Amino acid sequence: MELLKQLDRQLGLLQEKSLIRRRRNVESPCAPRVRVDGRDMLAFCSNDYLGLAAHPKIAAAMKEGVEKYGTGSGASHLISGHSRAHAELEERLADFVGPNLVEARALYFCTGYMANLAVLTGLAVGDKNSEIFSESLNHASLIDGGRLSRTSLKVYPHADVAALDAMLTASSASTKIVVTDSVFSMDGDLAPLPELLALCERHQAWLVVDDAHGFGTVGENGRGALEHFGLRSPYLVYVGTLGKAAGVGGAFVAAHATVIETLIQRARPYIFTTAAPPALAHALLASLDIIGGPEGRERRAHLNALVAQWQDGLRLQRWQRMPSSTAIQPVIIGGNEETMRAAAALYEQGLWVGGIRPPTVPAGTARLRATLSASHEARDVAQLIAALNELERS
Ligand SMILES: *Cc1c(COP(=O)(O)O)cnc(C)c1O
């Protein structure tokens, strides 16, 4: 069949460029020590930053949620799938991130990918009166959301507030939307949110903040990047995801109640999909208790100590560490092939670290992306540091 041959040729090209991706089968709960395809590994690749993905209290809450609500929601939120558990979760989330917003309301989504599609398609009017200004290192879901919104889309250079200022000044759109990751997912650095917010307030633009990697991990109470920087504004539209630090799944948008009502009425990625199982929302109530309580604080303190240990211990010469103070700690190698060789060599030693290639990162900046978690011990991190220091020299 000619159509299959076409696909085979395209897959062959990926293979030649060392760009074929493969999945491994994990046979145990998400944790530093995992069983993968029959092997015991020490993993540094999940986004389970607080170690909550297999927490007994959250697992018990999920079981309780199944007892109360069954397994499926049965319909979209606007038909009959919106349960008491979803409503409670949204109230709790609005209270949790509320101090950083004005008249906050929250909306729960099945995934962060869909939340980002919803925010950008929901806020943009869809004609020539809207314009989206997107940070160059933004996550793929924000790029896709911009495309789906069918409005003018401009990309500003990484962390370049002056360039964005010039672009906003030149724009005649009546709805301006600036959108950025807060913690960049492949680099680990923080966006200059205070400067971006000042700019957005001056230009009367929305500031959409995707805090997928900040929610739960940064800010004194784990409320994320807005808390970390002490920001509060009606111009902020906050996206937090709940499958990373929160250890369960889904995501939420929190913003002024009028923004949320607009998304409910207008955002197709919210309207035309089955609501997530209510048991997930019920489990997330337990996760929020932990994140916002003393245990969450302890877990964040331990995570920060591991980050400091990493920064002190890594001695790279050819490869490059990024200036990241978060749980995301990339080592830039450059070439796809050398990166995948390094990942394979670590894997041989029982260390599982993701190799990241284009198009996830710009060409020529392939990297190992090590992620630290509060469930790692200091000796785990020491083992990876020693292996990397050794591997770079070999
Ligand atoms: C993971 C991620 C998302 C998507 O969230 P999911 O809940 O996994 O769909 C969105 N934005 C960023 C920056 C992410 O890292």
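Scoring rules and cut-offs
Residues numbered from 1 in each chain as written. Predicted model: local features only at pLDDT ≥ 70, side-chain atom pairs only at ≥ 80, totals over all residues. Heavy atoms only, no water. Pairing = 2+ DSSP bridges. Helix = DSSP H or I, 4+ residues; strand = E, 2+ residues; numbered from the N terminus. Contact = heavy atoms within 4.5 Å. Near = heavy atom within 4 Å. Polar contact = N/O pair within 3.5 Å; in protein donor to acceptor, adjacent residues only side chain to side chain. Areas by Shrake-Rupley, 256 points an atom, 1.4 Å probe, with all protein chains shown as cover. Nonpolar A, V, L, I, M, F, W, Y, C, P; charged D, E, K, R; others polar. Buried < 20%, exposed > 50% of the residue type's maximum accessible area, 1.4 Å probe, protein only. Axes fitted to C-alpha atoms, helices over the stretch in contact; angles between N-to-C directions. Domains from an automatic or database assignment. Salt bridge = Lys/Arg side-chain N within 4 Å of Asp/Glu carboxyl O. Right-handed = clockwise from strand over helix to strand, strands pointing away. 1 Å grid on protein atoms, 1.4 Å probe; cavity = no way out; pocket = protein on both sides within 12 Å on 5 of 7 lines; lining within 4 Å. Points joined across faces, edges and corners; volume = space filled by probe spheres on them. Arc of directions from axis to C-beta. Core = buried A, V, L, I, M, F, W, Y, C linked by side-chain atoms within 4.5 Å.

Let's talk about the sheet that holds strand β2 (residues 39-43)
Taken together, the three strands give an open sheet; going across it, the order is β1-β2-β12, and neighbouring strands pair in mixed fashion. In this open sheet, the two edge strands, each paired with only one partner strand, are β1 (33-36) and β12 (351-352). Where β1 meets β2, four bridges bridge the pair, whose relative direction is antiparallel. The residue bridging V36 from the neighbouring strand is R39, located in β2.

Some remarks on the environment of L306
Looking at where L306 falls in the secondary structure, it is placed in helix α13 (residues 294-313). Ignoring anything within four residues of it in the chain, the contact list for L306 reads L372, S373, H376, E377, A378 and V381.

Some points on the site of the ligand
Close to the ligand lie 13 residues; G112, Y113, D210, H213 and K244 are nearest. A distance of 2.9 Å is found between an oxygen atom of the ligand and a backbone nitrogen or oxygen belonging to Y113. A distance of 2.5 Å separates a nitrogen atom of the ligand from a polar atom in the side chain of D210. Coverage of the ligand by the protein chains reaches 82% of its 380 Å² of free accessible surface. Ranked by residue count, the leading element in the shell around the ligand is helix α5 (residues 112-123), at three residues. Considered class by class, the residues forming the shell around the ligand number two nonpolar, eight polar and three charged.

Describing unusual backbone geometry
With an omega dihedral of 5 degrees, the bond running from P358 to P359 counts as a cis peptide bond. Considering the arrangement of structural elements, one finds P359 in the loop between β13 (354-356) and β14 (366-371). In the Ramachandran plot, R150 falls in the positive-phi region, its phi being about 55 degrees despite a non-glycine side chain. Looking at where R150 falls in the secondary structure, it is placed in the loop between α6 (140-148) and β5 (152-156). Accessibility expressed as a relative area gives 72% for R150, which makes it exposed.

Looking at the sheet that holds β14
Strand pairing in a sheet is mediated by backbone hydrogen bonds. Such pairs are either parallel or antiparallel. Taken in spatial order, the four strands of this open sheet run β10-β11-β14-β13, and their pairing is antiparallel. The open sheet has two edge strands, β10 (320-321) and β13, and neither has a second partner. Bridging between β13 and β14 involves three bridges; their strand directions are antiparallel. Considered in β14, the bridge of G354 is made with R369. Its contacts with the sheet place helix α14 (residues 336-348) against β11 (328-334), β13 and β14, and it is angled at close to 35 degrees to β14.

Describing the domain arrangement of the protein chain
Its domain assignment divides the protein chain into domain 1 (19-48 + 294-393) and domain 2 (56-291). The straight-line distance from the C-alpha centre of domain 1 to that of domain 2 is 27 Å. The partner domain 2 presents 22 residues to the 19 residues of domain 1 that form the contact. At the surface where domain 1 touches domain 2, the tally comes to one salt bridge.

A closer look at the pairing of strand β6 (residues 175-181)
Burial analysis of β6 places seven of its seven residues in the buried class, which makes it a mostly covered element. Judged from the five bridges that link them, strand β4 (residues 130-135) and β6 form a sheet pairing that is parallel. Its bridge partner lying in β6, I132 is registered against I177. In this structure, β6 lies alongside strand β7 (residues 205-210), joined through six bridges in parallel fashion. The residue of β7 that forms the bridge with T180 is V209. Considered for its hand, the β-α-β crossover made up of β6, helix α8 (residues 193-203) and β7 is right-handed.

Thoughts on empty space enclosed by the protein
Across all of its chains, the model carries two cavities of 30 Å³ or more by this definition. Broken down by secondary-structure element, the contributors of at least two residues to the lining of the largest cavity are β3 (104-109) and α11 (268-271). Tallied by class, the residues present in the lining of the largest cavity amount to six nonpolar, two polar and no charged. Roughly 30 Å³ of internal volume is contained in the second largest cavity. Every residue along the wall of the second largest cavity is listed here: H139, D181, V183, S185, D210, A212, H213 and K244. Within the lining of the second largest cavity, the residues separate by chemical class into two nonpolar, three polar and three charged.

Brief notes about helix α7 (residues 161-170)
Because each turn of an α-helix spans 3.6 residues, side chains separated by three or four positions in sequence point in the same direction. Looking at α7, one finds that the buried residues are L164, M167 and L168. The buried side chains of α7 occupy one side of the element, clustering within an arc of 100 degrees when seen end-on. Along α7, exposed side chains directed more than 90 degrees from the buried face belong to A162, T169 and A170. For α7, the secondary structure elements touched by its buried residues are β4, β5, β6, α8 and β7.

A look at the nonpolar core
In this structure, F215 and W310 are the most contacted members of the largest nonpolar core, which totals 78 residues. Each of domain 1 (19-48 + 294-393) and domain 2 (56-291) gives at least three residues to this core. By size, the runner-up hydrophobic cluster in this structure holds 25 residues, among which are A118, V208, A255 and I260.

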